[in-house]
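Below are the chains, spelled out letter by letter.
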Amino acid sequence: SGVRGRQASMVKKRLEAFQDLFNMNAEACKLQRKLHDALLRTPLLVPAASKQQRARVFEVVAEFLHCSLTMLRSTSVDVVEVLAWLPGQGGQRSALRSVGTGTLQLAALIDLKGVQVVLCDEFLPAVAQARSAEKERLTRMISNSFENLEAWVFARHPG
């Protein structure tokens, strides 16, 4: 009975820790939304990106997209796994973003039209060629990602 009691106590502690993490994530998401809303109300708080900064951000986005394209061309890994970093692909809402997601969001803040060109006009045709059997699925995924980014930039979605 002593072993079961210790196991039950450990399980209870893990569940409490998980609940604490869940609550902290919800609070962090709430604070992120408040900050995002404040920045949208007062755009002067967001400094304009220089041409050099824009170029660097888009270089990093290009690296992530190229890496995804290379994986789709050379492996049989599932498309969803490879493109899970794109905004709007995961069902979970986490305050912590992947580096790829965060970089793509930053690029969208700097130049949404530029992101649209990169994602929809350049990346989509390349991945559709790499995985022609999944062209419709890829089109939906990438279109959804851009729509998610657009909604996030204009605060029409909590994303």
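Residues numbered from 1 in each chain as written. Predicted model: local features only at pLDDT ≥ 70, side-chain atom pairs only at ≥ 80, totals over all residues. Heavy atoms only, no water.

(A) Spatial organisation of the overall build of the chain. When helices and strands are counted, the chain shows six helices and zero strands. When the elements of the chain are put in sequence order from the N terminus, they spell out α-α-α-α-α-α. Taken across its 159 residues, the chain has 30% of its residues classed as buried. A separation of at least 24 residues holds for 70% of the contacts in the chain among residues at least 6 apart in sequence. For the chain, the computed accessible surface area is about 10700 Å², with 58% contributed by carbon and sulfur atoms. (Helix = DSSP H or I, 4+ residues; strand = E, 2+ residues; numbered from the N terminus. Buried < 20%, exposed > 50% of the residue type's maximum accessible area, 1.4 Å probe, protein only. Contact = heavy atoms within 4.5 Å. Areas by Shrake-Rupley, 256 points an atom, 1.4 Å probe, with all protein chains shown as cover.)

(B) Quick look at the nonpolar core. Ranked by internal contacts, the top residues of the largest apolar core, which has 30 residues, are Leu83, Leu104, Val115, Leu119, Phe123 and Val127. Mapped onto this core, the elements with two or more residues apiece are helix 2 (51–74), helix 3 (79–82), helix 4 (99–110), helix 5 (112–130) and helix 6 (135–153). Among the elements that make up this core, the one with the highest residue count is helix 5 (nine residues). The contacts of phenylalanine 123, once residues within four sequence positions are left out, are Leu65, Ser68, Leu69, Leu83, Val118 and Ile142. (Core = buried A, V, L, I, M, F, W, Y, C linked by side-chain atoms within 4.5 Å.)

(C) A look at the packing of aromatic side chains. On inspection of all chains with the given rule, the structure shows one aromatic pair. Consider the rings of phenylalanine 64 and tryptophan 85, whose centres lie 5.4 Å apart with planes at 40 degrees: the pair is tilted. Taken together, the positions of phenylalanine 64 in helix 2 and tryptophan 85 in the loop between helix 3 and helix 4 put the pair 21 residues apart, joining distant regions of the chain. When its relative accessible area of 12% is taken as the criterion, tryptophan 85 is described as buried. (Phe/Tyr/Trp six-rings, centres within 6.5 Å; stacked < 30°, edge-to-face > 60°.)

(D) Focus on the packing of helix 4 against helix 5. Between helix 4 and helix 5, the least distance of the axes is 5 Å, while the angle of their chain directions is 125 degrees. Our classification of the angle between helix 4 and helix 5 gives oblique. On the side of helix 4, the interface is formed by Leu104, Ala107, Ala108 and Ile110, while helix 5 contributes Leu112, Val115 and Leu119. Among the residues making up the contact of helix 4 with helix 5, the classes are represented as seven nonpolar, no polar and no charged. (Axes fitted to C-alpha atoms, helices over the stretch in contact; angles between N-to-C directions. Parallel < 35°, antiparallel > 145°, perpendicular 65-115°, else oblique. Nonpolar A, V, L, I, M, F, W, Y, C, P; charged D, E, K, R; others polar.)

(E) Quick peek at the packing of helix 4 against helix 6. Between helix 4 and helix 6, the shortest axis-to-axis distance is 10 Å and the interhelical angle comes to 60 degrees. Judged on the interaxial angle alone, helix 6 and helix 4 are oblique. Crossing angle aside, the handedness with which helix 4 passes helix 6 is right-handed. Of helix 6, the residues touching helix 4 (which contributes Leu104, Gln105, Ala108 and Leu109) are Leu149, Trp152 and Val153. Counted by class, the contact of helix 4 with helix 6 contains six nonpolar, one polar and no charged residues. (Left-handed = near helix turned anticlockwise from the far one by under 90°.)

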